[in-house]
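# A closer look at the structure
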Amino acid sequence: MEILKVEHLSKTYGTGETRVEALKDVSFSLQKGEFAAVVGESGSGKSTMLNCVGGLDTPTSGKIYLDGQDLFAMKESRRTIFRRQNIGFVFQSFQLVPELDVEQNIIFPLLLDYQKPDQRKVEEVLEVLGLMERRHHLPGQLSGGQQQRVAIGRALIMHPMLVLADEPTGNLDSKNSRDVLDLLMKASRYYQQTILMITHNEQLASGVDRVLRVQDGRLTDLGGVRE
């Protein structure tokens, strides 16, 4: 089942001598439960691509379909709601609410959408991410790796169609980086979660379903690497 379809995506910033083509005719698709890593050097266009796919930035041209719905055919207010309900984000900087504990941070997207948390599902996410014993700790009482686990839980709690992870291990040491990637892998398998992850560390891309390379704004599909 195709979850994400990107067709001829281009993004240009500026005009004249300051014109920069950040993305050039990018096309790819992801199936339900597929875990794809996007690799490329800094400035290659991979973050721009992720921001467009997530509806955070508007492409210059091209189409992005999520479960068959044209993301940029929606009015901005509708797209904001659609994004909140169907796309989970994991950022390098965690972006947790410091005044809220682990459990409160995880259920925060549900509260924003005026949904009552299903306590069974909350317990399940806490268990999967190994956070049960930390559920009432504040972010400042957690290690970097634990904070990123909370951010992953926040992205998963809505059971979104797509999770976008932007350098989720960028602020972590090698062990915590591997642990976070393993958790994303587990989420992909356990929840049949579709994940698109940006990383500059090509070693971390080993084991995912597909690797996409972005170079000078152009995308190359390197195919599957997971046995």
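Cut-offs used in this document
Residues numbered from 1 in each chain as written. Predicted model: local features only at pLDDT ≥ 70, side-chain atom pairs only at ≥ 80, totals over all residues. Heavy atoms only, no water. Pairing = 2+ DSSP bridges. Helix = DSSP H or I, 4+ residues; strand = E, 2+ residues; numbered from the N terminus. Contact = heavy atoms within 4.5 Å. Polar contact = N/O pair within 3.5 Å; in protein donor to acceptor, adjacent residues only side chain to side chain. Core = buried A, V, L, I, M, F, W, Y, C linked by side-chain atoms within 4.5 Å. Buried < 20%, exposed > 50% of the residue type's maximum accessible area, 1.4 Å probe, protein only.

Bringing the sheet that holds strand 4 (residues 61-66) into the picture now. Within the open sheet, the 4 strands sit side by side as 2-1-4-5. Their pairing is antiparallel. The two strands at the open ends of the sheet, each matched to only one other strand, are strand 2 (20-31) and strand 5 (69-70). In this structure, strand 4 lies alongside strand 5, joined through 2 bridges in antiparallel fashion. Within strand 5, the residue paired with Tyr 65 across the bridge is Asp 70.

The residue Arg 149 is located in helix 5 (residues 144-156) in this model. Apart from the residues lying within four places of it in its own chain, the contact partners of Arg 149 are Leu 129, Gly 130, Leu 131 and Leu 183. Among the polar contacts made by the side chain of Arg 149, one reaches the main-chain carbonyl oxygen of Leu 129 at a distance of 3.0 Å.

Formed by 40 residues in total, the largest nonpolar core has its most connected members in Phe 35, Ile 106, Ile 152 and Met 197. Mapped onto this core, the elements with two or more residues apiece are strand 3 (35-39), helix 3 (102-112), helix 4 (119-128), helix 5, strand 7 (162-166), helix 6 (174-190) and strand 8 (194-198). It is helix 6 that provides the largest number of residues to this core, a total of 6 residues. Excluding its chain neighbours within four sequence positions, the residues that come into contact with Met 197 are Phe 35, Ala 36, Ala 37, Val 38, Ala 165, Pro 168, Leu 181, Leu 184 and Leu 204. Membership of the second largest hydrophobic core comes to 29 residues, among which are Leu 50, Ile 64, Leu 162 and Leu 164.

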